[in-house]
Amino acid sequence: MPTAVLTDHERSAVQAYLRLLQTVRAALDAPPGPGGRPPVVPPSALAEAERALAAAGLEGNEEAFFRLLHTWCPKT
C-alpha cells in the first residue's frame with residue numbers, strides 16, 4: 001500500500017471528518033431520551049469539519065477528499 005504524506009491542513013480535515021463521523025455514530029446509537037434524540041450533527045462539529053476542508057483546499061471537492069481519506073484511513 002502506498003504511503004500518503006498529508007499536509008497539516010489535509011490531516012486536520014481528515015481528523016475533523018473522523019470526529020464528525022464518530023459524533024454521528026454515537027448520536028444514532030444513543031437511546032432516545034424524553035425529549036427525543038439530540039440533533040445528529042452538532043453545529044460546532046460540522047463547522048469544524050467545514051473549516052478544515054476549506055483550509056486544506058478540499059471544500060467542494062468530495063472526490064479528492066474521500067480518495068485522501070481512503071488512502072490515510074482505509075477502514076473508514
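## With respect to the packing of aromatic side chains
A complete count under the given rule lists 3 aromatic pairs for this structure. When the centroid spacing of 5.4 Å and the interplanar angle of 75° are considered together, the rings of Y17 and F65 count as edge-to-face. On the criterion of sequence distance, the pair formed by Y17 in helix α1 (residues 8-29) and F65 in helix α3 (residues 62-72) is long-range, its members being 48 residues apart. An aromatic cluster of three or more residues is present, and its members are Y17, F65 and F66.

## Here we look at the environment of Y17
Residue classification places Y17 among the partly exposed residues on the basis of a relative accessible area of 22%. Between the C-alpha atom of Y17 and that of E50, which follows or precedes it by 33 residues, the distance is 8.9 Å.

## Focus on the environment of L20
Mapped onto the elements of the fold, L20 is located in helix α1. A residue is classified by how much of its surface remains accessible, and L20, at 14% relative accessible area, is buried. L20 sits 27 residues away from A47 along the chain, and the two C-alpha atoms are 9.9 Å apart.

## A look at the nonpolar core
A general trend in soluble globular proteins is that nonpolar side chains are found buried together. Ranked by size, the top nonpolar core spans 15 residues in total, and within it A13, V14, L58, F65, L68 and L69 carry the most contacts. Going through the elements one at a time, α1, α2 (43-55) and α3 are the ones with two or more residues in this core. A per-element tally of this core places α1 first, with 5 residues. Not counting residues within four places of it along the chain, the set of residues in contact with V14 comprises F65, L68, L69 and W72.

## Describing the packing of α1 against α2
The relative placement of two packed helices is expressed as an angle between their axes plus a distance between the axes. At a minimum axis separation of 8 Å, α1 and α2 run at an interaxial angle of 155°. On the basis of the axis angle, α1 is roughly antiparallel to α2. In terms of crossing hand, the pair formed by α1 and α2 is left-handed. Contacts from H9, S12, A13, A16, R19 and L20 of α1 reach α2 at A45, L46, E48, A49, A52, L53 and A55. Residues belonging to the contact of α1 with α2 are distributed by class as follows: 9 nonpolar, 2 polar and 2 charged.

Conventions and cut-offs
- The residue numbering used here restarts from 1 in each chain and proceeds along that chain's sequence as written.
- Local features in this predicted model are restricted to residues of pLDDT 70 or higher, and side-chain atom pairs are both shown and tallied only at a pLDDT of 80 or more, whereas totals for entire chains, interfaces and linings draw on every residue.
- For the side-chain quantities, the full set of heavy atoms in the structure was used; hydrogens and water were omitted.
- Two aromatic rings from Phe, Tyr or Trp, using only the six-membered ring of Trp, form a pair when their centres are within 6.5 Å; if the ring planes differ by under 30 degrees the pair is stacked, by over 60 it is edge-to-face, and anything between is tilted.
- Under the scheme used here, helices are H or I runs from DSSP no shorter than 4 residues and strands are E runs no shorter than 2 residues, and both carry numbers assigned from the N terminus.
- Exposed residues in this analysis have more than 50% of their type's maximum accessible area, buried residues have under 20%, and partly exposed residues fall in between, with area computed by a 1.4 Å probe over protein chains only.
- Residues enter a nonpolar core if they are buried and are Ala, Val, Leu, Ile, Met, Phe, Trp, Tyr or Cys, with the set joined through side-chain atoms within 4.5 Å.
- Any two residues whose heavy atoms approach within 4.5 Å are treated as being in contact.
- Whenever a helix is involved, its axis is fitted only over the stretch in contact; in every case the axis is a line through C-alpha atoms, and angles between N-to-C directions fall within 0 to 180 degrees.
- Note that the term roughly parallel is reserved for angles under 35 degrees, roughly antiparallel for angles over 145, roughly perpendicular for angles of 65 to 115, and oblique for everything else.
- Crossing chirality is assigned from the near helix's rotation relative to the far helix, an anticlockwise turn below a right angle marking it left-handed and a clockwise turn marking it right-handed.
- Three categories are distinguished: nonpolar for Ala, Val, Leu, Ile, Met, Phe, Trp, Tyr, Cys and Pro, charged for Asp, Glu, Lys and Arg, and polar for the others, with Gly belonging to the last.

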